[in-house]
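So the chains spell out like this:
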Amino acid sequence: MAKAKTYYFCQECGYQSSSWLGKCPECGKWNTFAEEVVKAASAPLASSRGQMAASQPKLIRDVTYSETVRIPTRCGEFDRVLGGGIVPGSLILIGGEPGIGKSTLLLQTALSVPDRKILYVSGEESEQQIKMRADRVEQNQTTQCFVVSETVTQRIFEHIDSVQPDLLIVDSIQTVSSEQIDSPAGSVSQIRECTTELQQYAKRTGVPILIVGHITKDGTLAGPKVMEHIVDAVLQFEGDRNYGFRMLRALKNRFGSTAEIGIFEMQGSGLREVANPSEFLLSQRDETLSGAAVAATLEGARPMFIEVQSLVSSAVYGTPQRNATGFDLRRMSMLLAVLEKRCGFKLGAKDVFLNIAGGIRVADPALDLAVVSAILSSNVDMAVSPRYCFAAEMGLSGEIRPVARVEQRIAEADRLGFEKIFISKYNAKAIDKKRYGIQIVEVSVIEEAFRALFA
Ligand code: TYD
Ligand code: MG
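Figured I'd write up the structure that's included with this text. These figures come from a predicted structure and were not determined experimentally.

## Here's the deal with unusual backbone geometry
Look at the link from aspartate 171 to serine 172: it is a cis peptide, with omega at -5 degrees. Tracing the sequence through the fold places serine 172 in the loop between strand 7 (167–171) and helix 5 (188–205). For glutamine 164, which is not a glycine, the phi torsion comes out positive at approximately 55 degrees. Within the element layout of this structure, glutamine 164 appears in the loop between helix 4 (153–163) and strand 7.

So, in structure tokens, the structure goes:
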């Protein structure tokens, strides 16, 4: 019998200490330490499963490999984020808040991969519940997808031995536990141990594994911080639960770019791929309504046109209200201060509300000009044409600054049939305007944009 040892782990970041600490020296959080019993196994942990083949140092020019054949999932958006399919032997973590749709995404993926044996292990739902979900998403169920409800890794490996899958899905890492360790499922040492066991299995057999991990309210992967180093790719599934829009983003990807995002819409019958997010996000708005402007943003490598809506009204109470949904409130305050200085916008006397349509959150600085235009439009109560779009950042002195990859934005605006795109003068220099049918409006300071729109 191996000797049991007790350690204290920070449940936020996985920091290990031999005594209890009030504050984690690693991540600075308070009251995050929990006691966990770790059996000091006579052999190194997890070594009972799969020894790596002994390898010899080689000269790099002598190392050969065959172009790895990726497993396409038949879900275009998922493949795009992965970089063209699942690499054999890889370990992929899919993080997201509870209820966002991770299980749905993976079950749909499992049901759409052709000609492969798939084992879907769920620690959260029974086989009947998985079946109900499968019926709901209306996918073809003739594929070779096995489901099992199981939480102990040792037994999961037994199921694997009997099914011999080509792809394994584990939903979720917080619910599985290893008999090697005494701590409860979901604790840092369990997560680390189970991930390591799964990783060794994947590397030994070449069977890729998709692992679901829940994230905490503040948006970090709970416990899974310790997994991030072990896995080959970390994908985050995010969106506002009150809206249907979902984004799959790669935070780390050893076999592809992290700039790609996948876009889905959650419907009554499962997730639908959204190939053209701009058409999805732009409302068919009335030309005469003030307070809205379209931003030509880029999310990763993908152009996305979103509508910014604003409402400016006289403040009823002494302190004006400021509210922003989907946009950084501090950034909005800064933009308002610039407007006050440069455009005679009486900041102190107005309530300002800002809303990004579709419940999405974008951090692209190119949103600035659309935000400012929407606010000014509501303030003067004059509409900005829905056929105009904006792609520029605004500086502290009201200068309109260039943004990255402006040509891609212009090309997309052109394709979507916009009439005009407003960009920074400094961006315009390098552009061959004759290539586009869209009219490109160059502005260098915010006053110019104001005059061009409302004069
Ligand atoms: P789920 O995949 O269980 O989320 P997670 O595994 O990330 O916790 O999906 C949760 C939500 O998705 C659930 O509240 C209901 C909704 N949903 C639909 O709207 N349509 C569907 O077809 C399915 C299966 C779920
Ligand atoms: Mg789930």
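So that's the structure; there's more coming.
## A closer look at the site of ligand 1
Not every one of the 15 residues close to ligand 1 is listed here, only the nearest: Gly99, Ser103, Thr104, Gln267 and Gly270. Contacts to ligand 1 include serine 103, whose side-chain N or O atom sits 2.6 Å from an oxygen atom. Between ligand 1 and the protein, one listed contact pairs a nitrogen atom with a side-chain N or O atom of arginine 136 at 3.3 Å. Within the residue set of the shell around ligand 1, elements represented by two or more residues are helix 2 (102–112), helix 3 (127–136) and strand 11 (261–267). Considering each element in turn, the shell around ligand 1 owes the most residues, three residues, to helix 2. Of the residues belonging to the shell around ligand 1, the class tally is three nonpolar, eight polar and four charged.

## Digging into the sheet that holds strand 20 (residues 420–424)
Paired through their backbone hydrogen bonds, the strands of a sheet run either parallel or antiparallel. Across the sheet, seven strands lie side by side as 15-16-14-13-17-20-21; this open sheet has mixed pairing. On the outer flanks of this sheet lie strand 15 (322–325) and strand 21 (439–443), each paired with one strand and no other. Across the sheet, the mean angle from the axis of one strand to that of its neighbour is 25 degrees, orientation sign disregarded. Bridge analysis of strand 13 (residues 292–299) against strand 17 (residues 388–391) gives two bridges, and the strand direction is parallel. Each residue of the ladder has a partner; that of alanine 295, found in strand 17, is phenylalanine 390. With respect to the sheet, helix 8 (residues 329–343) is in contact with strand 15 and strand 16 (350–356), its orientation differing from that of strand 15 by roughly 125 degrees.

## Focus on helix 4
Residues Thr153, Ile156, Phe157, Ile160 and Val163 constitute the buried set of helix 4. Down the axis of helix 4, the sector holding all buried residues measures 130 degrees, keeping them to one side. Packing partners of the buried residues in helix 4 comprise strand 5 (118–122), strand 6 (145–149), strand 7 and helix 5. One or two positions beyond helix 4, positive phi appears at glutamine 164, with a value near 55 degrees.

## A short note on the pattern of salt bridges
Applying the stated criterion across every chain, the model contains 19 salt bridges. Put simply, glutamate 393 and arginine 331 hold a salt bridge, and the shortest N to O gap is 3.9 Å. Separated by 62 residues along the polypeptide, glutamate 393 in strand 18 (residues 393–394) and arginine 331 in helix 8 bring together distant segments of the chain. Overall, the relative accessible area of 17% leaves glutamate 393 in the buried class. On the basis of relative accessible area, arginine 331 is assigned to the partly exposed category, the value being 25%. Glutamate 407 is paired through a salt bridge with arginine 435; the nearest N and O atoms lie 3.5 Å apart.

Calculation criteria
Throughout, residues of each chain are indexed from 1 in the direction in which the sequence is written. Starting at A for chains and at 1 for ligands, labels are handed out in the order in which the entities are written. Totals for whole chains, interfaces and linings use every residue, but because this is a predicted model, local features are given only for residues with pLDDT of at least 70 and side-chain atom pairs only at 80 or more, for both listing and counting. Based on all heavy atoms of the structure, the side-chain values leave hydrogens and waters out of the count. The helix count covers DSSP runs of H or I at least four residues long, the strand count covers runs of E at least two residues long, and both are numbered beginning at the N terminus. Only a single heavy atom is needed: when it lies within 4 Å of a molecule or strand, its residue is near that molecule or strand. Any N or O atom pair separated by 3.5 Å or less is treated as a polar contact, with the protein-specific requirement of one donor-capable and one acceptor-capable atom, and with residues adjacent in sequence counted only for side-chain atom pairs. Here the nonpolar group is Ala, Val, Leu, Ile, Met, Phe, Trp, Tyr, Cys and Pro; Asp, Glu, Lys and Arg are the charged ones; every other residue, Gly included, is treated as polar. When DSSP finds two or more bridges between a pair of strands, those strands are recorded as paired. Note on definitions: angles span 0 to 180 degrees between N-to-C directions of axes, and those axes are lines fitted to C-alpha atoms, for helices only across the stretch in contact. In what follows, a contact means two residues having at least one pair of non-hydrogen atoms within 4.5 Å. Exposure is judged per residue with a 1.4 Å probe applied to protein chains only, and the accessible area is read against the type maximum: over 50% gives exposed, under 20% gives buried, and values in between give partly exposed. The arc in question is the one traced by the directions running from the helix axis out to the C-beta atoms. In the sections that follow, a salt bridge refers to a side-chain nitrogen of Lys or Arg positioned within 4 Å of a carboxyl oxygen of Asp or Glu.

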